[in-house]
Amino acid sequence: MVCRTKSSSLPVEAPLSPAIRNTANFKPVPLQPWLGPSSALALLLGALVATQLAELPSHPLVCLLVLTAAAAAFAVRLRIPALALLGFAWLCLHAGWGMDARLPRVLEGADLTVEGRIDGLVQREGRRQRFDFIVERAEGDASTLQGKRIRLSWYEHRQDVPAGSRWHFVVRLQRPHGGRNPGGFDFERYALQRGLVATGYVRRVIDPAAAASGTGVDALRQQLATAIQLGLGDGASRFLRGIGIADTRTLTDSDWETLRATGTSHLLAISGLHLGLLAGLAALLTRLLYRLFPWVGLRLPLPQGAALVALLAASAYAALAGFGLPTRRALLMLGCVLLARLLRRGSGIAQGLVIALLVILLLDPLAILGAGFWLSFAGVAWLLWTLPDHASAATTGAGNRAKRWFLEALLAQCVLSLGLLPLSLAFFGQASLLSLPINLIAVPVLAFVILPLTMAGIGVLLLGLPADWPLQAAETVMSGLWRLLESAADLPLAQLQLPTPSIPALLLAALGVFWLLLPRGIPGKALASLLVLPLLLSRSDPVPVGQLDVQVLDVGQGLSVILRTRQHALLYDAGPAPPGALDRGEAVVIPALRQLRIQRLDRLMVSHGDNDHAGGAAAVIRAMRPVDVLAGEPDQLPDALHCHRGNRWQWDGVEFRLLHPPQHFPALGNESSCVLLVDAGGQRLLLPGDIDALIESRLLRENPELNAVDVLLVPHHGSSGSSSPAFVDTLRPQLALVSAGHRNRFEHPRADVIQRYVEIGSRLHGTAGEGALLLRLGGGGRVPAVLAEREQHRHFWSEAAYRLR
């Protein structure tokens, strides 16, 4: 029963009789118009438009827009456009705060003294440990970092750094800066969403004896992770740690490949699925408790008791998961529904979804920069749109209920697989074709076996008791499920891999999926499927016959170059993959090749065996299955042939010729680099690898026709031992391209080397400041301008591009 008071227009609940209090179904309480779906969508649309800006408006203008839009939102006729403007301005305001909070440029590379605590679990990667650090106190210029989050690496520290511990460090930092490549991960966008203001490394510890041991939830998570690993070993326990406490540190690249191929990555990312399952389990246990002790219902009605226990269980689970961004978002969505039930408001799941969306957009509008936001809300929205009403479920028999449950589970997986396809391709460039059948098996096994046993084991561990039985049972089931996933991932055509779609193709696909999921009887379903075709059939720009596309990828301190003719593709070097650190072949090179719709390489050429050139080769060979592999040091790669001088071939009117090393040349590292000369329509490109001045002199002596090139990849990242004056003056390239890491410890390219190219009039471009570099040769006339990724795809969260001189 609802009444209204004179002092408020909001519904106020009158006292309810015990019979009514124990009723599970309540009439929905109407929300104010500005709390409805149209308001939430207007806010979301405005914020989404803001994400497309290359630069943010000025702060005074943004503040004026916020105040104007907030005032206009209370006018009925202006509510929707005003809320859209508010969403736009509100995101710009938060983005401006986030960008202003980043480390001042003048402090980059300086020694700074900070004191604070480690937040989250510590990731060990080879000889370094990596963690987020919350600065609580800072001295001198570093005071600007107080209260902010930075990401640190600690090298050569033998002991494990305890999660939740406090330290006093001297650190060296830089602003968040990541590689910029087609189809690649945007770290600077992630840093803004995550609130990271700087990255760097520990120089030394001030008073190590005073460092406090780990405390808080993160320390508890670390203890649980250690206990599970010691009790079960290194087998499937890594998955139980991921499911139970969001500890995915020991999952390998191969594990993630299997999860992506089968569409089951969500099983190990604690989010709405896990919180909802645990909350449902808690509610069922509460219902059982009420049956055993009916008098409890006199104190607290069953619907409110079940909602309270479910909310507490979900909150505890979210804490054990470290309150990561996806977990917080899922807890908010679930909490809106459970709190409405707890407060005897009849808000359904749809209203809870709308309220959660509004709260997130107002409290953390930058959340829309992450894929998890869109996948979470879109998934729930699709299910609410398409799944049938459950009003008649209670009147069906047990057999019919089981059949109904299976059909609804099948329908839910179909809806999610189809409904989230455009978003999956937009964010990840791939989607699993096995997601539907695999999830029909994996989700019930997780929901009814693995998750309950894992959480029961963790609960027993929290009581200080041995938890061998539940954890070993969960590990046994998980091992069987994992064998199924690995077998499925090995099937041909397990994944659909496409380049990142354009915004028009994405919108058309979303419209087509929406139409396909409309109720039966709606005409035009066959035609709606045609709207998905631009997403699935997108093509890269074809290269004309006789011309060559050159793309120098931004792989940090390393090298990888894609050469593409009309019908062929060659990869020169595969980027670095330091032990225990990011494999650029997997993270950068493969996505870039797929962005160009290259499914198989015609040739992989690895200049020499150093990790910064050959480290990513294994991942590339596994994913791209090159027809052959040439290498300057072939003994370091399986099935590789020697790239000896004199080898030449032609693809689509473009000439390729190897100039070095000669046959039987010994493996001498940099000096063994494959030197490749490419001629496209009279315009010449030279890729010299890491050769030094001695090999440069030999090249000029043995190849007198090498008196000029149009484009030169600067040898050895611009080190002082290469690019000798004679070499530079003889070749006189119009374009000199440098592949080097941002603020790398070798200080490549060296200033004296840059000056040599400037003096002969070369145009210089570097991946460190401009991201991936693209140009096309063979079109006649002057060498065309270089298209830099940072300039071509500018965003307000990106660090500004900079040129070499």
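All values derive from a computational prediction rather than experimental measurement.

Considering a nonpolar patch on the surface
Then, in step 1: Taken together, the side chains of Leu285, Leu288, Leu289, Leu292, Phe293, Trp295 and Leu298 make up a nonpolar region of the molecular surface, amounting to roughly 780 Å² of accessible area.
Then, in step 2: Tallying contributions element by element places helix 9 (residues 272–292) first for the nonpolar patch, with four residues.
Then, in step 3: You can see Leu289 is positioned in helix 9.
Then, in step 4: For Leu289, a relative accessible area of 40% translates into the label partly exposed.

Some words on the sheet that holds strand 23 (residues 773–777)
Then, in step 1: Reading across from one edge, 15-14-13-12-11-10-23-24 is the order of the eight strands in this open sheet, with mixed pairing throughout. Every other strand in the sheet has two partners, leaving strand 15 (641–642) and strand 24 (787–788) as the edge strands with one partner each.
Then, in step 2: Sheet analysis places strand 10 (residues 548–552) next to strand 11 (residues 561–564), joined by four bridges and oriented antiparallel. Among the inter-strand pairings, Val552 is bridged to a residue of strand 11, identified as Val561.

Remarks on the state of the cysteines
Note on terminology: a disulfide is the covalent bond linking the sulfur atoms of two cysteines.
Then, in step 1: Going through the model one piece at a time under the given rule, you end up with one disulfide.
Then, in step 2: Between Cys643 and Cys674 runs a disulfide, and the two sulfur atoms are separated by 1.9 Å. Residues Cys643 and Cys674 share a disulfide whose torsion about the S-S bond is about -90 degrees; that sign makes it left-handed. Highlighted residues: Cys643 in the loop between strand 15 and strand 16 (648–651) and Cys674 in the loop between strand 17 (654–660) and strand 18 (675–680), separated in sequence by 31 residues. The two residues Cys643 and Cys674 agree in class, both being buried.
Then, in step 3: Left unpaired, Cys63 is separated from the closest cysteine sulfur, that of Cys92, by 11 Å.
Then, in step 4: Among the residues examined, Cys63 registers a relative accessible area of 28% and is labelled partly exposed.

A look at unusual backbone geometry
Note: most residues except glycine have negative phi, and most peptide bonds are trans.
Then, in step 1: Backbone torsion omega between His660 and Pro661 reads 0 degrees, so that peptide bond is classified as cis.
Then, in step 2: On the secondary structure map, Pro661 appears in the loop between strand 17 and strand 18.
Then, in step 3: The step from His748 to Pro749 runs through a cis peptide bond, and the omega angle for that step is -5 degrees.
Then, in step 4: Tracing the chain through its elements places Pro749 in the loop between strand 21 (735–738) and helix 27 (751–759).
Then, in step 5: Phi angles above zero are rare outside glycine, and Asp573 is one such case at about 70 degrees.
Then, in step 6: Note on placement: Asp573 falls in the loop between strand 12 (569–572) and helix 22 (584–595).
Then, in step 7: Of note, the phi angle at Asp652 is positive, near 50 degrees, even though the residue is not glycine.
Then, in step 8: Relative to the helices and strands, Asp652 resides in the loop between strand 16 and strand 17.

Observations regarding the pairing of strand 11
Then, in step 1: Burial along strand 11 is two-sided: Val561 and Leu563 facing one way and Ile562 and Arg564 facing the other are all buried.
Then, in step 2: Pairing of strand 11 with strand 12 involves four bridges; the strand directions are antiparallel. When the bridges of strand 12 are listed, Val561 appears paired with Tyr572.

A few points about the packing of helix 2 (residues 37–50) against helix 4 (residues 79–100)
Then, in step 1: The N-to-C vectors of helix 2 and helix 4 enclose an angle of 40 degrees; their axes lie 7 Å apart at closest approach. Overall, the two elements helix 2 and helix 4 adopt an arrangement that is oblique. In terms of crossing hand, the pair formed by helix 2 and helix 4 is right-handed. The residues of helix 4 that touch helix 2, namely those facing Ser38, Ser39, Ala42, Leu43, Gly46, Ala47, Val49 and Ala50, are Arg79, Ile80, Leu83, Ala84, Leu86, Gly87, Phe88, Leu91 and Cys92.
Then, in step 2: Across the contact of helix 2 with helix 4, the residue classes tally to twelve nonpolar, four polar and one charged.

A look at the sheet that holds strand 4 (residues 128–138)
Then, in step 1: Taken together, the five strands give a closed barrel; going around it, the order is 3-4-5-7-6, and neighbouring strands pair in mixed fashion. Within this sheet the neighbouring strands show an average axis-to-axis angle of 55 degrees, counted without direction.
Then, in step 2: Bridge analysis of strand 5 (residues 149–155) against strand 7 (residues 196–205) gives five bridges, and the strand direction is parallel. The residue of strand 7 that forms the bridge with Ile150 is Ala198.
Then, in step 3: Against the sheet, helix 5 (residues 187–194) contacts strand 3 (111–125), strand 4, strand 5 and strand 7, and its axis sits at roughly 90 degrees relative to strand 7.

As for the packing of helix 6 (residues 216–232) against helix 7 (residues 237–245)
Then, in step 1: Axis separation between helix 6 and helix 7 bottoms out at 10 Å; the angle between their running directions is 155 degrees. Here helix 6 is positioned roughly antiparallel relative to helix 7, judged by the angle of their axes. Where helix 6 crosses over helix 7, the two elements pack in a sense that is right-handed. Facing Arg221, Leu224, Ala225, Ile228, Gln229 and Leu232 of helix 6, the residues of helix 7 in contact are Ser237, Leu240, Arg241 and Ile245.
Then, in step 2: Its residues assigned to classes, the contact of helix 6 with helix 7 shows six nonpolar, two polar and two charged.

Here's the deal with the nonpolar core
Side chains that are nonpolar tend, in soluble globular proteins, to be buried together.
Then, in step 1: Ile243, Tyr317 and Met478 are the most contacted members of the largest nonpolar core, which has 50 residues in total.
Then, in step 2: Secondary structure elements with two or more residues in this core: helix 6, helix 7, helix 8 (253–262), helix 9, helix 11 (302–320), helix 12 (325–342), helix 17 (435–462) and helix 18 (468–489).
Then, in step 3: Top element by residues in this core is helix 17. It accounts for nine residues.
Then, in step 4: Apart from the residues lying within four places of it in its own chain, the contact partners of Ile243 are Leu267, Leu268, Ile270, His274, Tyr317, Leu446, Ile450, Leu451 and Met478.
Then, in step 5: Leu93, Met333, Val354 and Ala378 belong to the second-largest nonpolar core, a separate cluster that totals 47 residues.

Here we look at empty space enclosed by the protein
Then, in step 1: Considering all chains together, one arrives at two cavities of 30 Å³ or more under this definition.
Then, in step 2: Lining the largest cavity, in full, are Ile243, Leu259, Thr264, Leu267, Leu268, Leu446, Ile450, Met478, Leu481, Trp482 and Leu485.
Then, in step 3: Looking at the lining of the largest cavity, the elements that each hand over two or more residues are helix 17 and helix 18.
Then, in step 4: Considering each element in turn, the lining of the largest cavity owes the most residues, four residues, to helix 18.
Then, in step 5: A breakdown of the residues in the lining of the largest cavity according to their chemical character gives ten nonpolar, one polar and no charged.
Then, in step 6: Looking at the second largest cavity, its volume works out to about 40 Å³.
Then, in step 7: For the second largest cavity, the full set of lining residues is Leu559, His613, Gly689, Asp690, Leu713, Val714, His716, His717 and Ser739.

What counts and how
Residues numbered from 1 in each chain as written. Predicted model: local features only at pLDDT ≥ 70, side-chain atom pairs only at ≥ 80, totals over all residues. Heavy atoms only, no water. Patch = residues over 30% accessible without salt bridge, like charges linked within 9 Å, V, L, I, M, F, W, Y side chains within 5 Å. Areas by Shrake-Rupley, 256 points an atom, 1.4 Å probe, with all protein chains shown as cover. Salt bridge = Lys/Arg side-chain N within 4 Å of Asp/Glu carboxyl O. Helix = DSSP H or I, 4+ residues; strand = E, 2+ residues; numbered from the N terminus. Buried < 20%, exposed > 50% of the residue type's maximum accessible area, 1.4 Å probe, protein only. Pairing = 2+ DSSP bridges. Disulfide = S-S within 2.5 Å. Axes fitted to C-alpha atoms, helices over the stretch in contact; angles between N-to-C directions. Parallel < 35°, antiparallel > 145°, perpendicular 65-115°, else oblique. Left-handed = near helix turned anticlockwise from the far one by under 90°. Contact = heavy atoms within 4.5 Å. Nonpolar A, V, L, I, M, F, W, Y, C, P; charged D, E, K, R; others polar. Core = buried A, V, L, I, M, F, W, Y, C linked by side-chain atoms within 4.5 Å. 1 Å grid on protein atoms, 1.4 Å probe; cavity = no way out; pocket = protein on both sides within 12 Å on 5 of 7 lines; lining within 4 Å. Points joined across faces, edges and corners; volume = space filled by probe spheres on them.

Remember that the coordinates give geometry; whether it matters functionally is a separate question.
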